[in-house]
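Read off the chains here:
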Amino acid sequence: MAAAATMLSIQGDWDQVLREAEGEVWVSCKIPGKPTIRGSLTSKGISSDEVPEVTASEEFVVQEVTKNRIPVSCPGENISSTFLSPYASFSHIHEKNVSYLDISSGGDLGVSSSTDQTFKVWETHNTEVKSVLEGHTRDVFSCKFFPSGQEVLSGGLDSLVKVWSVNDGSCLATMKGHRGSILDIAVVADGQNVISSGQDGTARLWDSAQGACIAVVDDSYSPINAIAVAEVGNAVNLGSPKETPSNREVGTEGKLVVLAREDKSLEEVSLHSRQSRWKQGFFCATGKPPQNLRRNHFPETS
């Protein structure tokens, strides 16, 4: 696995705060294996062309500030980053924290869920809410557009995976089968099939039109926090299915799905053959889950 990189961070509303006299924002440099270096940037006023005059605390340097960008460096760690102010800010779509969002392939629509219990599709050019998606009974943890931009896939705390119409906000399909929260979702090819992963330790392949589970791609003892689908074509030998695939399985050939689990393990599985290509993690050497995972996720019954 690749080593974590040194990273510069800055306060999220820096572009607003530094336009005020004596406005101050935090900046930090996170170095793997070392204490984080923390500092601040302070505005000493605004020039005639509306550019903030900014000074940095010890360990940091600021140069060539403009109206919408600020370059910051940490010379001691030989790292620099340029931070850009947002092109637009959408503050009225949700009343509380935004928990998940996605942008359509054409860039004209956004979809987002929030801790204010709302789930909405909105237009990126004017922030007008196009539709409110109502049907999940609890928080929505993930949402993604289909390639067409006309449908949205979602999953949440209520253990349901749903497909929605962007135009009228109607629910087109509901997929039931997980025994815990949906933690991540992915669209396969054109979206006839989708994948979900959950707290129950399973990753499932679905027929998105009929809302039916085609197969359990993976079943483990640990929650699957994230999934990613990659097209590899014939470049990698992905094996052959042991059983004849369902005729509802579309576009899974030549694709890998990578699973990221709560137990710190990663696994790469052929989506079509369901064969594992590699697995790396803290109990992979034995192939057995720790006792606490067995006990917590699969309690014994008499």
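All values reported here derive from a predicted model rather than from experimental measurement. (Residues numbered from 1 in each chain as written. Predicted model: local features only at pLDDT ≥ 70, side-chain atom pairs only at ≥ 80, totals over all residues. Heavy atoms only, no water.)

1. Quick notes on the overall build of the chain
The helix and strand inventory of the chain stands at two helices and 23 strands. With 302 residues in all, the chain has 44% of them scored as buried. Roughly 16,300 Å² of accessible area belongs to the chain as shown, and the carbon and sulfur atoms make up 47% of that amount. The distance from the centre of the 27 positive side-chain charges to the centre of the 38 negative ones in the chain is 9 Å. (Helix = DSSP H or I, 4+ residues; strand = E, 2+ residues; numbered from the N terminus. Buried < 20%, exposed > 50% of the residue type's maximum accessible area, 1.4 Å probe, protein only. Areas by Shrake-Rupley, 256 points an atom, 1.4 Å probe, with all protein chains shown as cover. Lys, Arg positive; Asp, Glu negative; His and termini not counted. Charge placed at Lys NZ, Arg CZ, Asp CG, Glu CD.)

2. Let's talk about the confidence of the model for the chain
This prediction gives the chain a mean pLDDT of 89; 91% of its residues lie at or above 70. In this model residues 282–302 is a low-confidence stretch, pLDDT under 50, and it forms 25 contacts with partners more than four residues away in sequence or in other chains. (pLDDT = per-residue confidence, 0-100. Contact = heavy atoms within 4.5 Å.)

3. Some remarks on the packing of aromatic side chains
Per the counting criterion, the structure on display carries two aromatic pairs. On the basis of an interplanar angle of 75 degrees and a centroid distance of 5.3 Å, the ring pair of F90 and W122 is categorised as edge-to-face. Taken together, the residues span a long stretch of sequence, with F90 in the loop between β7 (79–84) and β8 (98–103) and W122 in strand β10 (residues 119–123) at a distance of 32 residues. On the accessibility criterion, F90 (32% relative accessible area) is partly exposed. Consider the rings of F119 and W164, whose centres lie 5.8 Å apart with planes at 85 degrees: the pair is edge-to-face. Taken together, the positions of F119 in strand β10 and W164 in strand β14 (residues 161–165) put the pair 45 residues apart, joining distant regions of the chain. For the pair F119 and W164, a shared accessibility class is recorded, and that class is buried. (Phe/Tyr/Trp six-rings, centres within 6.5 Å; stacked < 30°, edge-to-face > 60°.)

4. Considerations on the nonpolar core
Judged by nonpolar contacts, the single largest core of 21 residues is most densely connected at C29, L41, F60, I70 and V72. Listed by contribution, the elements that provide at least two residues to this core are β1 (7–10), α1 (14–17), β2 (24–30), β3 (37–46), β6 (69–74) and β7. Excluding residues within four positions of it along the chain, V72 makes contact with L8, V27, L41, F60, V61, V62, I79, S80, S81 and F83. Ranked by size, the runner-up nonpolar core spans 14 residues in total, among them A203, L205, I214 and L271. (Core = buried A, V, L, I, M, F, W, Y, C linked by side-chain atoms within 4.5 Å.)

5. Some words on the sheet that holds strand β18 (residues 202–207)
Pairing in this open sheet of four strands is antiparallel, and the strands run β16-β17-β18-β19 from one edge to the other. Edge positions in the open sheet fall to β16 (182–188) and β19 (212–219), since each of these has one partner strand only. For this sheet, the mean angle separating the axes of adjacent strands, direction not counted, is 20 degrees. In terms of strand pairing, β16 meets strand β17 (residues 193–198) through six bridges, oriented antiparallel. In the strand pairing of β17, V187 is matched with V194. (Pairing = 2+ DSSP bridges. Axes fitted to C-alpha atoms, helices over the stretch in contact; angles between N-to-C directions.)

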